[in-house]
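Below are the chains, spelled out letter by letter.
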Amino acid sequence: MAVSKTQTPERIREGYDAGLRLFGENRVQEFAEKAGTLADLQDAEWRMIGHLQTNKAAKAAELFTGVESVDSLRLAEKLNVAAENLGKKLAVLIEINVGGEAAKSGVAAESEDLQELLQGAAGLEHIEFRGLMTVPPFTEDPEQARPYFRRLRELRDQIGARALPGIGMQELSMGMSHDFEVAIEEGSTCVRVGTAIFGERIKP
């Protein structure tokens, strides 16, 4: 996934012309402002990867093909209603806060909130749960991220073994520009790469 947040439509188009098709954005409003100029990129997929407030769920469901930062049943329910109104099915990942960091979004791996979300998935017919996503605590040394990646893979396997209705666990989104090699070694099926593709971020 090419993380295109803060990038101009022109830069995103360059990435598309180079063969990129999966893009990740962090903010609903930012992508809304550039979506119109990118609408002709018909086979491009746009995913929401940043924290999503419930009051922006309807707009996110309209703009994106998937939301990879679902961290509560309430948000999933809002997305489900919005997707139903749009006549579409929305691919989602559950964001797990593997490091237990207060400043980061995501649901805790051992929490009742996660169990509530997993149990409630069966009733959300316009949401397709595909797996898990995480952003581990930042470290300059990619090896220090390995235990967090491994923990997410183990959690994915544990959830998958339960064969819960409405829950698929085929995707594991973890790893960014500085640590994606380690993430892949630990089972990542999608790495989110921004800086290594586009260069340093353009400040909004």
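Here goes a summary of the coordinates provided. Keep in mind it's a predicted model, so treat the numbers as computed, not measured.

About the criteria used
- Throughout, residues of each chain are indexed from 1 in the direction in which the sequence is written.
- Two thresholds apply to this predicted model, a pLDDT of at least 70 for residue-level local features and 80 or more for giving and counting side-chain atom pairs, whereas whole-chain, interface and lining totals are computed over all residues.
- Heavy atoms from the whole structure form the basis of all side-chain values; hydrogens and water molecules are not counted.
- Only protein chains enter the accessibility calculation, which uses a 1.4 Å probe. A residue is then buried if its area is under 20% of the maximum for its type, exposed if over 50%, and partly exposed in between.
- A run of H or I in DSSP counts as a helix once it spans at least four residues, and a run of E counts as a strand once it spans at least two, with each numbered from the N terminus.
- Note on pairing: two strands pair once DSSP finds at least 2 bridges between them.
- Any two rings among Phe, Tyr and Trp, with Trp reduced to its six-membered ring, count as a pair given centres within 6.5 Å; such a pair is stacked if its planes are under 30 degrees apart, edge-to-face if over 60, and tilted if neither.
- Here, residues are in contact when the closest pair of their heavy atoms is within 4.5 Å.
- Two N or O atoms count as a polar contact when they lie within 3.5 Å, although within protein this holds only if one can serve as hydrogen donor and the other as acceptor, and sequence-adjacent residues are included solely when both atoms are side-chain atoms.
- Every case where a carboxyl oxygen of Asp or Glu lies within 4 Å of a side-chain nitrogen of Lys or Arg is listed as a salt bridge.
- Lines are fitted to the C-alpha atoms to define the axes, a helix being fitted only along its stretch in contact, and any angle between axes, read from their N-to-C directions, falls within 0 to 180 degrees.

Observations regarding the pairing of strand S5 (residues 90-95)
Buried residues dominate S5, accounting for 6 of its 6 residues. Burial along S5 is two-sided: the face carrying Leu 90, Val 92 and Ile 94 and the face carrying Ala 91, Leu 93 and Glu 95 are both buried. With 3 bridges joining them, strand S4 (residues 66-70) and S5 adopt parallel strand pairing. By the bridge assignment for S5, Gly 66 is matched with Ala 91.

Considerations on the packing of aromatic side chains
One pass over the structure, following the stated rule, counts 3 aromatic pairs. Note on Phe 23 and Trp 46: the rings are 4.9 Å apart at their centroids and 25° apart in plane angle, and the pair reads as stacked. In this pair, Phe 23 sits in strand S2 (residues 22-25) while Trp 46 sits in strand S3 (residues 45-48), placing the two residues 23 residues apart along the sequence. The pair formed by Phe 23 and Trp 46 is uniform in burial state, with each residue classed as buried.

Some words on the environment of Ser 188
Mapped onto the elements, Ser 188 comes out in the loop between helix H7 (180-185) and helix H8 (195-198). Setting aside its immediate chain neighbours within four residues, Ser 188 contacts Leu 172, Met 174 and Ala 183. Within the structure, Ser 188 has its side chain in polar contact with the backbone oxygen of Leu 172 (distance 3.3 Å). Separated by 3.0 Å, the side chain of Ser 188 and the backbone oxygen of Cys 190 make a polar contact.

Topic: unusual backbone geometry
Phi angles above zero are rare outside glycine, and Thr 6 is one such case at about 70°. With respect to the helices and strands, the residue Thr 6 is situated in the loop between strand S1 (2-3) and helix H1 (9-17). Looking at Thr 6, the relative accessible area reads 13%, which means it is buried. Despite not being glycine, Ala 163 shows a phi value in the positive range, around 50°. Of the residues examined, Ala 163 reaches a relative accessible area of 63% and is grouped as exposed.

A short note on the pattern of salt bridges
Side-chain pairing between opposite charges can occur once the charged atoms of the two side chains come close. Applying the stated rule across the entire model yields 18 salt bridges. Residue Arg 146 pairs with Glu 185 through a salt bridge whose shortest N-O separation is 2.7 Å. Of this pair, Arg 146 sits in helix H6 (residues 146-161) while Glu 185 sits in helix H7, and the two are 39 residues apart along the sequence. When its relative accessible area of 15% is taken as the criterion, Arg 146 is described as buried. Residue classification places Glu 185 among the exposed residues on the basis of a relative accessible area of 55%. A salt bridge links Arg 153 to Glu 186; the nearest nitrogen and oxygen atoms lie 2.7 Å apart.

Structural notes on the sheet that holds strand S7 (residues 167-173)
If you trace the 7 strands from one edge of the open sheet to the other, you get S1-S2-S3-S4-S5-S6-S7, paired in parallel fashion. If you trace the sheet from one side to the other, it starts and ends with S1 and S7, each paired once. One ladder, built from 4 bridges, connects S2 with S3; its direction is parallel. From the neighbouring strand, Leu 22 faces S3, where its bridge partner is Glu 45. On top of the sheet, helix H4 (residues 73-86) reaches S4, S5 and strand S6 (127-133); it is set at about 165° to S4, its chief contact.

In short, geometric facts, not functional conclusions.
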